[in-house]
Amino acid sequence: MATENNKTSKINSLFTFAANVLVKNQSRFINFIRFAIFIVMLWIGGLKAFQYEADGIVPFVANSPFMSFLYTKDAPEYQEYRNPEGKMVAKNIEWHKENGTYPFSYGLGSFIVLIGTLTLLGIWYSRIGMLGGLLTFGMSIVTLSFLITTPEVWVPNLGGDMPTPQYGFPYLSGAGRLVLKDIIMMAGGLIAAADCARRWLKKERPQVV
């Protein structure tokens, strides 16, 4: 009995210590969320300037009711001109130029980097950071909508010897698994925005907080 109580006491002490550390460093952890969002946005947004990444987002954009109008060609024509990552096929690249793939990708990448920068600035500027957090949240909603609009996010039915082939919902493809992770970005954006709003209110209207 004494051994069991001693074990319980040690566990309680561990949780108490962890809770104290987490509470005391909460603001640092929120800033870490901002920094993490910035790194992801900077890296992914920066890659939009490169051919393989611009080609890779075409299925998402072409099938999206919110974004497809930004291309000149309709889905699913892009399927005939897809460049595997690391491979450059001249006729495919020419098609993407006519489609407006690259100018759109440059603009999107710049916007993504801007969102990440605004979110990071929330460490020092509450109003700017709140805008960045809300934009992160909004961008994540658009990205997650690809789970509904983009066929390539689900494993296709290519047949085989299995009696019950695994395709369609809930079997996410590589593209689908990448999209689903944006739900974490959505949560992070809300946390960053809420913290900025709280700090701004504390400074401007302390009687409210």
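This brings us to the overall build of the chain. When helices and strands are tallied, the chain shows 10 helices and zero strands. Along the chain, from the amino end to the carboxyl end, the secondary structure elements read α-α-α-α-α-α-α-α-α-α. Counting only C-alpha atoms, the chain reaches 70 × 55 × 30 Å along its principal axes. Per-residue burial over the chain gives 33% buried out of 209 residues. The long-range fraction of contacts in the chain, counting pairs at least 24 apart against all pairs at least 6 apart in sequence, stands at 64%. Accessible area for the chain stands at about 13400 Å²; split by element, carbon and sulfur atoms hold 66% of it. Between the mean site of the 19 positive side-chain charges and the mean site of the 14 negative ones, the chain shows a separation of 17 Å.

Looking now at the side chain of Asn92. For Asn92, the location among the structural elements is in helix H5 (residues 90-99). Separated by 3.4 Å, the side chain of Asn92 and the backbone oxygen of Arg82 make a polar contact. What Asn92 contacts, discounting residues up to four positions off in sequence, is Glu80, Tyr81, Arg82 and Asn83.

Tracing the sequence through the fold places Met130 in helix H7 (residues 126-144). With 25 residues separating them in the primary sequence, Met130 and Ser105 have C-alpha atoms 25 Å apart. Once residues lying within four places of it in the same chain are set aside, the contact partners of Met130 are Ala193, Cys196 and Ala197.

Counting 17 residues, the largest nonpolar core has Ile57, Phe60, Val61, Tyr71, Phe104, Leu147 and Val179 as its most contacted members. Counting residues per element, the ones that place at least two in this core are helix H4 (58-62) and helix H8 (146-149). Once residues within four sequence positions are removed from consideration, Val179 is found in contact with Phe60, Thr143, Leu144, Phe146, Leu147 and Val153. Judged by nonpolar contacts, the second largest core, of six residues, contains Ile37, Met41, Ile112 and Ile115.

Running from amino to carboxyl end, helix H6 (residues 101-121) crosses H7 at an angle of 135°, the nearest separation of the two axes being 6 Å. Here H7 runs oblique to H6, going by the angle between their axes. Taken as a pair, H6 and H7 cross one another with a handedness that is left-handed. Across the interface between the two elements, Phe111, Ile112, Ile115, Leu118, Thr119 and Leu121 of H6 pack against Ile128, Gly129, Leu131, Gly132, Gly133, Leu135, Thr136 and Met139 of H7. Counted by class, the contact of H6 with H7 contains nine nonpolar, five polar and no charged residues.

Now for the packing of H7 against helix H10 (residues 182-204). Between H7 and H10, the least distance of the axes is 7 Å, while the angle of their chain directions is 160°. Comparing the axis directions of H7 and H10 gives the class roughly antiparallel. Of the two elements, H7 crosses H10, and the hand of that crossing is left-handed. Contact residues: H7 offers Ser126, Arg127, Gly129, Met130, Gly133, Leu134, Thr136, Phe137, Ser140, Ile141, Thr143 and Leu144, while H10 offers Asp182, Ile183, Met185, Met186, Gly189, Leu190, Ala193, Cys196, Ala197, Arg199 and Trp200. Its residues assigned to classes, the contact of H7 with H10 comprises 13 nonpolar, seven polar and three charged.

Quick look at H7 now. In a regular helix each residue adds 1.5 Å, so 19 residues correspond to 27 Å; H7 covers 27 Å between its end C-alpha atoms and thus fits that length. By the burial criterion, the buried members of H7 are Ser126, Gly129, Gly132, Gly133, Thr136, Met139, Ser140, Thr143 and Leu144. Buried residues in H7, looked at end-on, bunch into an arc of 150°, giving them a common side. Here the buried face of H7 lies against helix H2 (26-47), H6, H8, helix H9 (174-180) and H10.

What counts, and at which threshold
- Residues numbered from 1 in each chain as written.
- Predicted model: local features only at pLDDT ≥ 70, side-chain atom pairs only at ≥ 80, totals over all residues.
- Heavy atoms only, no water.
- Helix = DSSP H or I, 4+ residues; strand = E, 2+ residues; numbered from the N terminus.
- Buried < 20%, exposed > 50% of the residue type's maximum accessible area, 1.4 Å probe, protein only.
- Contact = heavy atoms within 4.5 Å.
- Areas by Shrake-Rupley, 256 points an atom, 1.4 Å probe, with all protein chains shown as cover.
- Lys, Arg positive; Asp, Glu negative; His and termini not counted.
- Charge placed at Lys NZ, Arg CZ, Asp CG, Glu CD.
- Polar contact = N/O pair within 3.5 Å; in protein donor to acceptor, adjacent residues only side chain to side chain.
- Core = buried A, V, L, I, M, F, W, Y, C linked by side-chain atoms within 4.5 Å.
- Axes fitted to C-alpha atoms, helices over the stretch in contact; angles between N-to-C directions.
- Parallel < 35°, antiparallel > 145°, perpendicular 65-115°, else oblique.
- Left-handed = near helix turned anticlockwise from the far one by under 90°.
- Nonpolar A, V, L, I, M, F, W, Y, C, P; charged D, E, K, R; others polar.
- Expected span 1.5 Å × (residues − 1).
- Arc of directions from axis to C-beta.

Treat this as a map of the structure, not an account of what it does.
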